[in-house]
Amino acid sequence: MLSRVISGDGPRSPVLTAALLLILVVLAFAPFLFSGAQPLNVAAKICVFILLVASYDLLLGYTGIVSFAHTMFFGIGGYGAAIALSRLGPSWSALALGIVVAIVVAGLLALVIGLFSLRVRAIFFAMITLAVATAFLVLASQLSGFTGGEDGLNYSVPESLRPSFRLLEQPVFGTVVNGRIVTYYILFFVVLAGFLLLLRIVNSPFGSVLQAIRENEFRAEALGYPVVIYRSIASVVSAVIAAVAGVLLALWLRYTGPDTTLSFAIMIDVLLMVVIGGMGTLYGAVIGSVLMIIAENYLPAVFGKLGAAAAGIPFAPLILSADRWLLWLGILFVLSVYFFPTGIVGKLRALWQNRKGGAPQTRSARAEHEKE
Amino acid sequence: MSDGTAQREEAVVASPPIDWLPILLTVAVAVIALPLIGSVSTWVTLTVAALAMGMIIFIMASGLTLVFGLMDVINFGHGVFISVGAYMSLLVLRPLMGWVDSPSLMLNIGVLILCIFVAMAASGLFGLLFERVIIRPVYRQHLKQILVTMGGLIVIEQLLHVFFGGSPITIALPYNFRGGLSIGPDTIVERYRLIAVVIGVAVFVAMMLVLNRTRIGLLVRAGVENPEMVEALGYRIRRIFVGVFVAGSALAGLGGVMWGFYQQTLTIGMGLQVLVLIFIVVIIGGLGSIGGCLIGSMLVALVANYTAFLEPKIALVSNIALMLVVLMWRPQGLYPVVKV
Amino acid sequence: MSEPLLTLEGVHTHIGRYHILQGVDFAVPRGSFTVLLGRNGAGKTTTLRTIMGLWKASRGSIRFAGQDLAARPTPEIAASGIAYVPENMSVFSGLTVRENLILAARSGKIDDTRLEWIFSLFPAMQRFFGLAAGTLSGGQKQMLAISRALIEPRDLILIDEPTKGLAPAIVANMIKAFREVKNAGTTVLLVEQNFMAAKMLGDSVAVMDDGRVVHRGAMAELAADHALQHRLLGLHMEVHQ
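Residues numbered from 1 in each chain as written. Chains lettered and ligands numbered in written order. Predicted model: local features only at pLDDT ≥ 70, side-chain atom pairs only at ≥ 80, totals over all residues. Heavy atoms only, no water.

## Some points on the overall build of chain A
- Within chain A one finds 18 helices and two strands.
- Compactness check: chain A gives a C-alpha radius of gyration of 21 Å against a globular reference of 21 Å for 372 residues, within 12% of the reference.
- Viewed in the frame of its principal axes, chain A has a C-alpha envelope of about 60 × 55 × 50 Å.
- By residue count, 56% of the 372 residues in chain A fall in the buried class.
- When the accessible surface of chain A is totalled, it reaches about 15,400 Å², and 70% of it is carbon and sulfur.
- With 23 positive and 16 negative side-chain charges, chain A shows a spacing of 8 Å between the two charge centroids. (Helix = DSSP H or I, 4+ residues; strand = E, 2+ residues; numbered from the N terminus. Rg over C-alpha atoms; globule rule 2.2 N^0.38 Å. Buried < 20%, exposed > 50% of the residue type's maximum accessible area, 1.4 Å probe, protein only. Areas by Shrake-Rupley, 256 points an atom, 1.4 Å probe, with all protein chains shown as cover. Lys, Arg positive; Asp, Glu negative; His and termini not counted. Charge placed at Lys NZ, Arg CZ, Asp CG, Glu CD.)

Laid out in structure tokens, this is it:
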């Protein structure tokens, strides 16, 4: 039964299983485990990013193509909900309209980009997505009448999602079940469903074809699979799920702006989460998102202290300052691509496999032997 | 068999045909823009600006396209050499403020040449390091190439942050290059743009001479077509490649200096911004093609300048539309490189 | 006879997961014209590419003029005195014929007397000397590809199916030129499907099948033995008669 829920694609490592279960339990009960707004914000952000990063892994890890437009689709979701809620008022029907429009726009845009760039060369995809995403970012900041420009949009959410709303009269385990908690659980269950859907997709015949294409494009084409079509469909699915993640973020923050959804920094974050977690595993998206978001929320403070401590050494405070977070992420990123191509999940699985005395896990071995 | 038979069997094609259509397209874009803009003097100003911008973009893009042609390496980090070049000019401009503000043309030219020299040396050196550390381990693996070169770009950008700070830096043009030059009734062209065109043309001519008249140039052109055969003739393609990579990085640095003066503002992210235009250029032109790179640069610059005047909000979008139109017409770019 | 110029012993080559050469043994005597025959897919082209180092031999030894080539990079192999004319000719189409030859002359200059000699082999070359190689016909490209191998004195020339797809008149011209090259004392290893051409040129012959050499010997011997031809080459000779 459980195996069917996760499409027979288990974590295949006891350490990983334990970590995933822990994450699942903590996220499921986060509103009751922590007090204060900050931990719940972190938990909500983790939920949204798990879905965002997992949908990106469908492209990078399973299909073997690099997109720089994933945050654009994330942003389309966010702006879809934001524009609908701020123009039409905080009703469920407005939200629904925003979601539908966002999903259609994201899907169509992904299809057009895919058909245009993948038809010629897979490498065009990375270049064209970078160009299109940049143009979209510029457009979103310029069309301020529509998108709120650089400032973004603030809006109200439907009433039952507001902090003032009470679902239950009595507190549960000492926590008042208000609209924020309702919102959190909407996030949680949509993300869970989305993640299980992705697991289903990658373990379906469609997912196997994607991986066959990643391994050897020409062979897949020779076997009669239209490579461009498959890659484009993967890109559309990935874009639509990213847009859904964007909607969730928009609901949680009650604000949508270029910095929260479209910025290049978020794209880099997503890349890092996939690579560090483990490309082509989906579970890597969970591990990567959790680690990175916790680190991003709590490490800069540590860096700040380190920098202050190293005040005497020239340039050390500059390099260790909290603002230089991205420098270390960049170095970490390059090093992980070289020395850690299967990420944490790949390593854990390989360790367990060795311990059991079997041959190395084929999937991680394949990821190591990546070709284009 | 007589030689005559062979002659009849093999009709000799007269001369290598030049494909004029893309050149005509470029001219057509400029002509169509004239009635839309409405004023001849504005049109001239915009077109000269586009020429200057196009030449600068060409200088920056040429290295990227040759590197791809030679070794099938796509360098997403290329943009950072632009930023490196631009910021290195600060090392010259800051101590030599007097030269910049001096009314002496010689000192003005001197400071510009020094900027260019320092920028090219620095970005060339960065290029050499980048090739060794970042790119060498990931030959023939496009996916990893894209990832690590993007990672390298972030790291070097952040290092620039550390040394120069994150806020935009305004730079002044040398005294004699400021302001405009009247070239007709109501028509004023900024001096620096003319200088940029002159430098751009000089670099283009020098590059063409090297590529067409020297042995190294022949090797590069042959290598873009068929690296394997170049090796089979006894040449080390790797060395040629490293040379081209360093030269391409140095040219990106030169472009960075020129772009910095063009904008008169330096930002850390400028390289990445321009990289987007460069990608559009090389896709339009045909990856690996140097002639396509020139035409692509001109097209992109013309469209960018005209739309920036007509409807500034859609400047970049219009370039993407241009790219899509070109890809619909010629999916491999305007001048596809025939690979064996 | 003294030691052969080129000796392959037990050469294996893998391309990806495919095991193409499965123990190739043969020798090319100095000054001889050796023909490598065999059906499509027998491994002839892979053998030449392995000698050039364009595919790496996974096992076995390739000895050329006293040195082992098996582990060396392609440019070094070329510099040690081997010229290669690949199957698809691989002329640089963006370069002129002259520029193609300049690159092939590693000293940087075309030797006039050798150029005269090449013009005497392929008189038509003089007419298209200044044209871009991309504008040439198939036969002209083949002439250029062979000239590129002849523009400098080389100890060994590897030629892969030069007659493929060419009109009979041009093939005849090509054979005439190869005779000249042979008379000039150059050692040649020729891959050929056209048995008639092979018979006219070859001193010795090796026949490949399924990644191995299945027959070695003098060309005259094979040319005289129709049963052997039939067994080794199947219908090829009828096709090319």
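This is not the end of the story, as more comes after the structure.
## What about the interface of chain B and chain C?
- Taken together, the 30 residues of chain B in the interface contact 38 residues of chain C.
- Summed over both partners, the interface of chain B with chain C comes to about 3,000 Å²; 60% of that surface belongs to carbon and sulfur atoms.
- The tally of links from chain B across to chain C stands at two salt bridges.
- The salt bridge partner of E99 of chain C is R221 of chain B, with a shortest N-O separation of 3.7 Å.
- The interface formed by chain B and chain C includes eight residue pairs in polar contact (both at pLDDT 80 or more).
- Secondary-structure elements contributing two or more residues to the side of chain B that touches chain C are α1 (3-9), α9 (215-225) and α10 (227-232) of chain B.
- Of the residues forming the side of chain B that touches chain C, the biggest block, six residues, is contributed by α9 of chain B.
- By residue class, the composition of the side of chain B that touches chain C is 15 nonpolar, six polar and nine charged. (Contact = heavy atoms within 4.5 Å. Buried area = accessible area lost by both parts, 1.4 Å probe. Salt bridge = Lys/Arg side-chain N within 4 Å of Asp/Glu carboxyl O. Polar contact = N/O pair within 3.5 Å; in protein donor to acceptor, adjacent residues only side chain to side chain. Nonpolar A, V, L, I, M, F, W, Y, C, P; charged D, E, K, R; others polar.)

## Considering the sheet that holds strand β4 (residues 57-64) of chain C
All names here are of chain C.
- Taking strand neighbours across the sheet as the criterion, the four strands line up as β2-β1-β4-β5 in an open arrangement whose pairing is antiparallel. Sheet topology places β2 (18-28) and β5 (67-68) at the edges, where each strand pairs with a single neighbour.
- Pairing analysis gives six bridges linking strand β1 (residues 6-15) to β4, with the strands arranged antiparallel. By the bridge assignment, T7 is partnered in β4 with R63.
- On the sheet, helix α1 (residues 44-52) packs against β1, β2 and β4 and is oriented at approximately 105° with respect to β1. (Pairing = 2+ DSSP bridges. Axes fitted to C-alpha atoms, helices over the stretch in contact; angles between N-to-C directions.)

## Quick word on the interface of chain A and chain B
- Taken together, the 45 residues of chain A in the interface contact 45 residues of chain B.
- In this assembly, chain A packs against chain B so that about 4,100 Å² is buried in total across both faces, 80% of it on carbon and sulfur atoms.
- The tally of links from chain A across to chain B stands at zero salt bridges.
- Run the count over chain A and chain B and you get three residue pairs in polar contact (both at pLDDT 80 or more).
- Counting only elements with at least two residues in the side of chain A that touches chain B, the list comes to α6 (122-142), α13 (264-277), α15 (316-320) and α16 (325-339) of chain A.
- If you tally residues by element for the side of chain A that touches chain B, the top one is α6 of chain A, at 13 residues.
- Grouping the amino acids of the side of chain A that touches chain B by side-chain chemistry returns 34 nonpolar, four polar and seven charged.

## A word on the pattern of salt bridges
Residues and elements named next belong to chain A.
- On inspection of all chains with the given rule, the structure shows 15 salt bridges over all chains.
- The partner of E217 in a salt bridge is R231, with the nearest N and O atoms 3.6 Å apart. Highlighted residues: E217 in helix α10 (residues 217-222) and R231 in helix α11 (residues 227-253), separated in sequence by 14 residues.
- Among the residues examined, R231 registers a relative accessible area of 4% and is labelled buried.

## Considerations on α9 of chain B
- α9 of chain B sits mainly inside the fold: nine of its eleven residues count as buried.
- Listing the buried residues of α9 of chain B in full gives G217, L218, L219, V220, R221, A222, G223, V224 and E225 of chain B.
- Lining the buried residues of α9 of chain B we find α3 (40-71), α8 (191-213), α10 and α11 (237-263) of chain B together with α3 (97-104) of chain C.

## Observations concerning the nonpolar core
- Of all hydrophobic cores here, the largest spans 328 residues; its most connected members are F68, F73 and Y184 of chain A, F76 of chain B together with L189 of chain C.
- The leading source of residues in this core is α3 of chain B, at 19 residues.
- Inspection of this core shows a minimum of three residues originating in each of domain 1 (1-81 + 155-241) and domain 2 (88-153) of chain C.
- Those residues within four positions of F73 of chain A in sequence are excluded, and the remaining contacts are A106, L109, A110, I113, A239, A242 and A243 of chain A.
- In this structure, A81, L85, Y155 and A250 of chain A belong to the second largest nonpolar core, which totals 16 residues. (Core = buried A, V, L, I, M, F, W, Y, C linked by side-chain atoms within 4.5 Å. Domains from an automatic or database assignment.)

## Description of the confidence of the model for chain A
- Of the residues in chain A, 94% have a pLDDT of 70 or more, and the chain-wide mean is 88.
- Segment residues 360-372 of chain A is flagged for pLDDT under 50; beyond a separation of four residues in sequence, or across chains, it makes 28 contacts in the model. (pLDDT = per-residue confidence, 0-100.)

## Looking at the pairing of strand β7 (residues 156-160) of chain C
Residues and elements named next belong to chain C.
- Taken across its five residues, β7 has five buried, putting it largely inside the fold.
- Neither face of β7 is left uncovered, since the one carrying L156, L158 and D160 and the one carrying I157 and I159 both have all their residues buried.
- For the crossover that starts at β7, traverses helix α6 (residues 168-183) and ends in the parallel strand β8 (residues 187-191), the hand is right-handed. (Right-handed = clockwise from strand over helix to strand, strands pointing away.)

## Observations concerning the environment of L302 of chain B
All names here are of chain B.
- With respect to the helices and strands, the residue L302 is situated in helix α13 (residues 290-310).
- Spatially, the C-alpha atom of L302 lies 13 Å from that of F58, the residues being 244 residues apart in sequence.
- Residues contacting L302, with those up to four places away along its chain left out, are T26, V29, A30, T47 and A50.

## What to know about the domain arrangement of chain C
Residue and element names in this part refer to chain C.
- The domains assigned to chain C are domain 1 (1-81 + 155-241) and domain 2 (88-153).
- Inter-centroid distance (C-alpha atoms) of domain 1 to domain 2 is 23 Å.
- In this complex, domain 1 contributes 14 residues to the contact, which on the side of domain 2 involves twelve residues.
- In this structure, the connection of domain 1 to domain 2 is made through zero salt bridges.
- Applying the counting rule to domain 1 against domain 2 returns one residue pair in polar contact (both at pLDDT 80 or more).
- Broken down by element, the residue count for the side of domain 1 that touches domain 2 peaks at seven residues, all from α6.
- Here the residues of the side of domain 1 that touches domain 2 are counted per class, giving ten nonpolar, one polar and three charged.

## With respect to unusual backbone geometry
- Although it is not a glycine, R140 of chain B sits at a positive phi angle of roughly 65°.
- Within the fold, R140 of chain B resides in the loop between α6 (105-135) and α7 (142-164).

## Overview of the sheet that holds strand β9 (residues 204-209) of chain C
Residue and element names in this part refer to chain C.
- Taken in spatial order, the six strands line up as β6-β7-β8-β3-β9-β10 in an open sheet, and their pairing is mixed. Sheet topology places β6 (82-85) and β10 (212-218) at the edges, where each strand pairs with a single neighbour. Across the sheet, the axes of successive neighbouring strands diverge by a mean angle of 15°, strand direction being ignored.
- Where strand β3 (residues 33-38) and β9 come together, five bridges link them in parallel fashion. Along β9, the bridge assignment pairs L37 with V207.
- Most of the contacts of α1 go to β7, to which it runs at about 145°, and overall it touches β3, β6, β7, β8 and β9.
- Across the sheet, helix α5 (residues 138-150) lies against β6 and β7, angled at about 175° from β6, the strand it touches most.

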